[in-house]
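Observations on chain architecture
The chain contents come next:
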Amino acid sequence: MANAAVGDEQRGEDPTVNRLCARVARLLGKKAAMFLPSGIMCNHIAILVHCRPGDEILIAENSHIIQSEGAGAAVLAGASIKGIPAPHGIFSADDVTKAICARKLRSPHSRLIVVEQTNNRGGGSVWPLDIIEQVAEVAQTHQLKIHMDGARLMNAVVATGVSASTFAEPFDSVWLGLSKGLGCPGGAVLAGSKGFISKAWAWKHRLGGAMRQSGILAAAGLYALSHHVAHLAEDHANARVFANRIAKIPGVSLDPSRVQTNLVFFDIERTGLKATDLATQLLNRGIRIGVESEYRFRAVTHRDVDRMAILEAADALAEIILTTQPRKPLFMLNDQHVKSGVPRISGAKTA
Ligand SMILES: *Cc1c(COP(=O)(O)O)cnc(C)c1O
């Protein structure tokens, strides 16, 4: 990053940004791409290009666009959103067909279908290619646009062996997040046709997302694409190990077979503990796991957390739950980690 060749990105003169955009466009099989500060801005801009006020977006109910983007589609594009109920965030061609509004004067104008790959709140579920293709066919039949929120697209690629360009092929627009599992300090790249990206540039400027010497950030992206993608497989293996271990703790509910990538959602209601209390106790041991709701956690494995730390986190969870449930029958994990304790690893761990 320190050695990146830079220029004025707003004028298209930052060579490192241009290299990153060309590389991601190639990776996703699209004609053009644009560097942006965040994934949320990629979603906002794609929606702004595809939708006019009064248009409707069809997307899984649990999606990031609905839950975590400050109603940007409504505020910025004047678009309404119909959330499609979908277990694990993956809806079928049938579900989306039923959700499309008939073109009546008084109904919203269904315009855009969005797929979140992988689906975050669905537990990091991968959208299978055949379902994507069926949903894209519905989009084509009804002349809708289709957009991919690819915050974790590379996790889906590594988990399935399907290439990024194959996943991206049916989409009018798609973006790749650099600051999640790929480990960059920031940035995302939005890709599509030349026409789409040239319209997107107007919004990038308007929203204040056109930067100057952002090659410093883009250099991190280029590095991550070369060196961090393969590592995602380790994150996935760590998530499986974590899930399998904590599934044995009395009172912890999860289905380890649902863990496909790097996210592990689990429920602790039957332990009698609240997630926030347990999270505080974990944090005291340097272990940070996100609280989703009263009894629900969202654990994320990533490149800063190695296998030892994963085992430590699972064992700490078991220890805290068991010691705060004295009346429950004594329980121990199969091996000796709980009893003997693995060496504590110093330094902050974020999840
Ligand atoms: C994190 C995330 C985003 C937003 O990305 P930022 O770079 O944090 O703005 C969008 N969609 C999903 C599914 C995400 O997980």
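Everything discussed here concerns the structure shown above.
Now for a quick tour of the structure. (Residues numbered from 1 in each chain as written. Predicted model: local features only at pLDDT ≥ 70, side-chain atom pairs only at ≥ 80, totals over all residues. Heavy atoms only, no water.)

**A look at helix H1 (residues 15–28)**
Using the following cut-off: Put simply, DSSP marks the helices as runs of H or I at least four residues long and the strands as runs of E at least two long, and each gets a number from the N terminus on. One less than the number of residues in a helix, times 1.5 Å, gives the span that helix is expected to have. Whether a residue is buried, partly exposed or exposed follows from its accessible area with a 1.4 Å probe, protein chains only, as a fraction of its type maximum: under 20%, in between, or over 50%, in that order. Any two residues whose heavy atoms approach within 4.5 Å are treated as being in contact. N or O atoms within 3.5 Å of each other form a polar contact, as long as, within protein, one can give a hydrogen and the other can take it, and as long as residues adjacent in sequence are counted only when both atoms are side-chain atoms.
In this model, H1 (14 residues) spans 20 Å end to end at C-alpha, consistent with the 20 Å of a helix rising 1.5 Å per residue. For H1, every residue scored as buried is listed here: Thr 16, Val 17, Leu 20, Cys 21, Val 24, Ala 25 and Leu 28. Residues of H1 that are buried make contact with strand E1 (32–36), helix H7 (153–160), helix H8 (164–168), strand E6 (173–177), strand E7 (188–192) and helix H10 (215–227). Capping the start of H1 is the job of one residue whose side-chain oxygen sits 3.0 Å from the backbone nitrogen of Thr 16: Asp 14. Directly beyond the C-terminal end of H1, a positive phi value near 70° is found at Gly 29.

**Some details on unusual backbone geometry**
Cis geometry is found at the peptide bond from Gln 117 to Thr 118, where omega equals -10°. Turning to its location among the elements, Thr 118 is positioned in the loop between strand E4 (109–116) and helix H6 (129–141). One non-glycine residue with positive phi stands out, namely Ala 71, at about 55°. Mapped onto the elements, Ala 71 comes out in the loop between helix H3 (64–67) and helix H4 (72–77). Not every positive phi belongs to a glycine, and His 88 is a case in point at roughly 65°. With respect to the element layout, His 88 can be found in the loop between strand E3 (80–84) and helix H5 (93–99). Given the relative accessible area of 34%, His 88 is considered partly exposed.

**A closer look at the packing of helix H11 (residues 232–246) against helix H13 (residues 307–323)**
Test applied: An axis is simply a line fitted to the C-alpha atoms; with a helix, the fit covers only the stretch in contact. Between two such axes, the angle follows the N-to-C directions and lies from 0 to 180 degrees. Throughout, the term roughly parallel applies to angles under 35 degrees, roughly antiparallel to angles over 145, roughly perpendicular to angles from 65 to 115, and oblique to all others. Crossings are assigned a handedness: left-handed for a near helix turned anticlockwise from the far helix by less than a right angle, right-handed for a clockwise turn. Three classes are used, and their members are as follows: Ala, Val, Leu, Ile, Met, Phe, Trp, Tyr, Cys and Pro are nonpolar, Asp, Glu, Lys and Arg are charged, and the others, Gly among them, are polar.
Running from amino to carboxyl end, H11 crosses H13 at an angle of 20°, the nearest separation of the two axes being 10 Å. Compared by their axis directions, H11 and H13 come out roughly parallel. Between H11 and H13 lies a crossing whose hand is right-handed. Across from Ala 237, Asn 238, Val 241, Phe 242, Arg 245 and Ile 246 in H11, the residues of H13 making contact are Arg 307, Ile 310, Leu 311, Ala 313, Ala 314, Asp 315 and Leu 317. Broken down by class, the residue content of the contact of H11 with H13 amounts to 9 nonpolar, 1 polar and 3 charged.

Geometric values such as these leave the question of function open.
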